[in-house]
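# Summary of structural features
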There are 2 protein chains.
Amino acid sequence: VIDLAELGFDAISAPDSSFHEASCRRLDSLTKPLGALGRLEALAAQVCAMQRTLEPAIIDPVAIVFAADHGVADRGVSAYPRAVTREMVKNFLAGGAAINVLARFDEMELWVVDAGVDGECAAHPRLIGVKIRAGTRDFTAEPAMTRAECRAALAAGRRIAAELSGPRGNALVLGEMGIGNTASSALLMHALTGQELALCVGRGTGLDDAGVARKQAVLAEAAARIAPPEDPFELLCEFGGYEIAMLTGAMLGAASRRQLILVDGFTVTAAAALAARADANMLGYCVFGHCSAENAHRELLQHLGVRPLLDLGMRLGEGSGAALALPLVRAALALFGQMATFEGAGVSQKIA
Amino acid sequence: VIDLAELGFDAISAPDSSFHEASCRRLDSLTKPLGALGRLEALAAQVCAMQRTLEPAIIDPVAIVFAADHGVADRGVSAYPRAVTREMVKNFLAGGAAINVLARFDEMELWVVDAGVDGECAAHPRLIGVKIRAGTRDFTAEPAMTRAECRAALAAGRRIAAELSGPRGNALVLGEMGIGNTASSALLMHALTGQELALCVGRGTGLDDAGVARKQAVLAEAAARIAPPEDPFELLCEFGGYEIAMLTGAMLGAASRRQLILVDGFTVTAAAALAARADANMLGYCVFGHCSAENAHRELLQHLGVRPLLDLGMRLGEGSGAALALPLVRAALALFGQMATFEGAGVSQKIA
């Protein structure tokens, strides 16, 4: 069994409900009908509660893309060849991918982590090389990773997120790249939610119907190999990916530091579900950026009892949906901090 | 009958489909699975088509809030007293309202137009005083405005939007303030869509169930006074508001100049529906920022065949939902312009 404390993780305390209540009182005093900012109000209150303040702010956010390959990719579960993981890492480092554009747009630093890419990634100032192995093992035949590898990945995720956040940073935008990783996420979801496999499997980067059927058959093989463990880390060992394990570690660590975690699409949400299974307090620090077009993401979000901010049919990964949602979080905090009160502005209140 | 050409309006040409097609080809060459940016791709293509370019950009956007009072407000159709229109204009000019915060957030100029506020609005560099009258007449008893007033409001809307856009500006964020104006919008929707009145009426700034019933009864009175005219300007005269007429004029003028129009909530969408009835080409220049929590907005958007970008339960008006969506439009254009191509980045294409 994996012991988080042994790996350097601190305990996660729940967001502070007294700041939540105080922030709601302030929201009700602002010059707008009660509740008229809709979900932006709940968002501002959530950030107040996690940061324990009535002056919430996003400071020095960093985007981190964890990249890794998957043994199961050799079984034809993706529309793109396995080489694309490494090629896209190169593209991230050259600045040409969607997440690069969005990170610049958000004025946010972007870091790329080689968690387990198959093949050499050339050194680069923005690349953090902590390759566990050149891709996981094929989980239809054997566990995807060993416990030692899982431990190493969890610890690396925690350490990297802590270091990249720096002394002042209080927000992470988390993304992933890994050909085949929606297959891994589908199995994790199946095990975590009990939802039948067919409803957990989607088109990933763009499989056609035959491809989806093949992916589902491959995943059924894996699910038949072993009864899915209850323990989230055992589950990671069986069906996970190195990027997913690092994401899980990054989230558990960030929540223990009371940082805001902007969650991206299906695979990052699968990591969030694992982290939440390990410690339910983690979820209070998550803001779910978007609902992706990947079949099953909506269902997984519902299972977690959370609502994403955006629903624009995106299915790109890389942290793109999370990065796109960051301006909404910043806007919610700006409204919270800068709007006038009824009293201050001399605006009449509601008629009895 | 009101003649747009006579009022100085130019014809609206449809967005250019050849630029739409060319932009879709470019989108398919970018380093992402086909269509993986979801609705951001359609958005970028729409802006290319309206701006007739493959280098789309939002330049010097301006937010304009049109404010006016409504005779029907004296019939108890709002949760807030009529004085709030004037008080909120003061709040806008003092910088304390939600739209002020969002305009600063978006680095966008904000202007406030007194289209027909009841009472004096003190002079201010950001206030444009073109008061038609101190609020419309009570449309349960007589037409809300005369044809001469409607003409003057349409022309003022066109002129103000053109002047505030300046020589380079190519985008408008449109908002409104007017106690009672969701009552006017509900009647306009009822007439434009044929949808039964009960489905067009909502809580506005926060009516309780009894208030909604009262509002609906008052509107039924108005609807019984006269069969709703087909002509959008006749309809404006019967049931409109001065701010709604100016919004309609602003939109028709902006579309003729090929500007992007970011539409806010229920009332601005009602104005868009009027403008679209006058010239169907107008809709191609509209981006619908959000779906508000005001009952009927979703239905009205569906009637227009359009999908809003955000759905966050906001119901504030002022242009707040449109302003919140502006970063999404900017991000879509940044992705379109800055992402690398498969060829340029040396990324492998999809497996056959």
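Scroll up a little and you will see the structure.
An account of the accompanying structure is given in this report.

Definitions and cut-offs
Residues numbered from 1 in each chain as written. Chains lettered and ligands numbered in written order. Predicted model: local features only at pLDDT ≥ 70, side-chain atom pairs only at ≥ 80, totals over all residues. Heavy atoms only, no water. Helix = DSSP H or I, 4+ residues; strand = E, 2+ residues; numbered from the N terminus. Rg over C-alpha atoms; globule rule 2.2 N^0.38 Å. Lys, Arg positive; Asp, Glu negative; His and termini not counted. Charge placed at Lys NZ, Arg CZ, Asp CG, Glu CD. Phe/Tyr/Trp six-rings, centres within 6.5 Å; stacked < 30°, edge-to-face > 60°. Buried < 20%, exposed > 50% of the residue type's maximum accessible area, 1.4 Å probe, protein only. Lys NZ or Arg CZ within 6 Å of the ring centre and 35° of its normal. Expected span 1.5 Å × (residues − 1). Arc of directions from axis to C-beta. Contact = heavy atoms within 4.5 Å. 1 Å grid on protein atoms, 1.4 Å probe; cavity = no way out; pocket = protein on both sides within 12 Å on 5 of 7 lines; lining within 4 Å. Points joined across faces, edges and corners; volume = space filled by probe spheres on them. Nonpolar A, V, L, I, M, F, W, Y, C, P; charged D, E, K, R; others polar. Buried area = accessible area lost by both parts, 1.4 Å probe. Salt bridge = Lys/Arg side-chain N within 4 Å of Asp/Glu carboxyl O. Polar contact = N/O pair within 3.5 Å; in protein donor to acceptor, adjacent residues only side chain to side chain. Least-squares fit on C-alpha atoms with pLDDT ≥ 70 in both. Core = buried A, V, L, I, M, F, W, Y, C linked by side-chain atoms within 4.5 Å.

## Thoughts on the overall build of chain A
- When helices and strands are tallied, chain A shows 13 helices and six strands.
- Against the compact-globule benchmark of 20 Å for 352 residues, chain A has a radius of gyration of 20 Å, which places it among compact chains.
- Seen through its C-alpha atoms, chain A measures out along the principal axes to roughly 70 × 40 × 40 Å.
- On chain A, the mean spot of the 31 positive side-chain charges and the mean spot of the 39 negative ones are 2 Å from each other.

## Here's the deal with the packing of aromatic side chains
- Applying the stated criterion across every chain, the model contains four aromatic pairs over all chains.
- Ring geometry for A:Phe139 versus A:Phe239: centroids 5.9 Å apart, planes at 85 degrees, classification edge-to-face. Residue A:Phe139 is located in the loop between β3 (127–129) and α5 (147–165), and its partner A:Phe239 is located in helix α8 (residues 232–239); the two are separated by 100 residues in the primary sequence. Here the two residues A:Phe139 and A:Phe239 agree in accessibility, since each one is buried.
- The ring of B:Trp111 carries the charged tip of B:Arg126 above its face, separated from the ring centre by 4.2 Å.
- Between B:Arg158 and the ring centre of B:Phe9, over which it is positioned, the NZ or CZ distance is 5.8 Å.

## As for α5(A)
All names here are of chain A.
- Counted at 1.5 Å a residue, the expected span for α5 with its 19 residues is 27 Å, and the 27 Å between its end C-alpha atoms agrees.
- Residues of α5 that are buried include every one of Glu 149, Cys 150, Ala 153, Leu 154, Ala 156, Gly 157, Ile 160, Ala 161, Leu 164 and Ser 165, and no others. Looking down the long axis of α5, one finds its buried residues gathered within 160 degrees of arc, a one-sided arrangement. Within α5, the exposed residues directed more than 90 degrees away from the buried face are Ala 148 and Glu 163.
- Buried positions along α5 lie against β1 (62–68), β2 (109–116), β3, β4 (171–177), α8 and α9 (242–256).

## Examining the layout of surface pockets
- When its volume is computed, the largest pocket comes out at roughly 560 Å³.
- Considering the residues around the largest pocket, the lining is formed by 25 residues, among which A:Arg298, A:Leu310, A:Asp311, B:Arg298 and B:Asp311 are closest to the centre.
- Listed by contribution, the elements that provide at least two residues to the lining of the largest pocket are α11 (297–304) of chain A together with α11 (297–304) of chain B.
- Considered class by class, the residues forming the lining of the largest pocket number 13 nonpolar, four polar and eight charged.
- Considering only enclosed or pocket space, the second largest pocket measures out at about 370 Å³ in volume.

## As for the interface of chain B and chain A
- With 54 residues of chain B in contact, the opposing surface of chain A contributes 54 residues.
- Buried surface at the junction of chain B and chain A, summed over both partners, amounts to about 4,500 Å²; 66% is from carbon and sulfur atoms.
- Linking chain B with chain A are zero salt bridges.
- One can count 18 residue pairs in polar contact (both at pLDDT 80 or more) joining chain B with chain A.
- For the side of chain B that touches chain A, the secondary-structure elements that each account for two or more residues are α2 (39–51), α3 (83–94), α4 (98–105), α12 (320–338) and α13 (342–345) of chain B.
- Among the elements that take part in the side of chain B that touches chain A, α12(B) stands out by supplying eight residues, more than any other.

## Some details on the relation of the copies chain B and chain A
- For these two chains of identical sequence, chain B goes onto chain A by a turn of 180 degrees and a shift of 0.0 Å along the axis, with RMSD 0.0 Å. Here the copies are linked by what is in effect a two-fold axis.
- Comparing interface residues between copies, 100% of those in chain B also lie at the interface in chain A; the contact surface is shared.

## Comments concerning unusual backbone geometry
Residue and element names in this part refer to chain A.
- Even without being glycine, Arg 52 reaches a positive phi, approximately 50 degrees.
- Note on placement: Arg 52 falls in the loop between α2 (39–51) and β1.
- Under the relative-accessibility criterion, Arg 52 is labelled partly exposed at 43%.

## Observations regarding the nonpolar core
- One finds A:Ile261, A:Met282, B:Leu174, B:Ile261 and B:Met282 to be the most contacted residues of the largest nonpolar core, which totals 285 residues.
- Sequence-distant contacts of B:Leu174, defined by excluding residues within four places in its chain, comprise B:Ile64, B:Phe66, B:Leu247, B:Ala250, B:Met251, B:Ile261, B:Leu262, B:Asp264, B:Val268, B:Gly319 and B:Ala322.

## Considering the pattern of salt bridges
All names here are of chain B.
- By the definition in use, this model includes 34 salt bridges over all chains.
- In this structure, the salt-bridge partner of Asp 60 is Arg 168, at a minimum N-O distance of 3.4 Å. You can see Asp 60 sitting in the loop between α2 and β1 (62–68) and its partner Arg 168 sitting in the loop between α5 (147–165) and β4 (171–177), a full 108 residues away along the chain.
- Of the residues examined, Arg 168 reaches a relative accessible area of 54% and is grouped as exposed.
- Arg 147 is the salt-bridge partner of Glu 234, the closest N and O atoms lying 2.7 Å from each other. With Glu 234 in helix α8 (residues 232–239) and Arg 147 in helix α5, the pair connects residues that are 87 residues apart, well separated along the chain.

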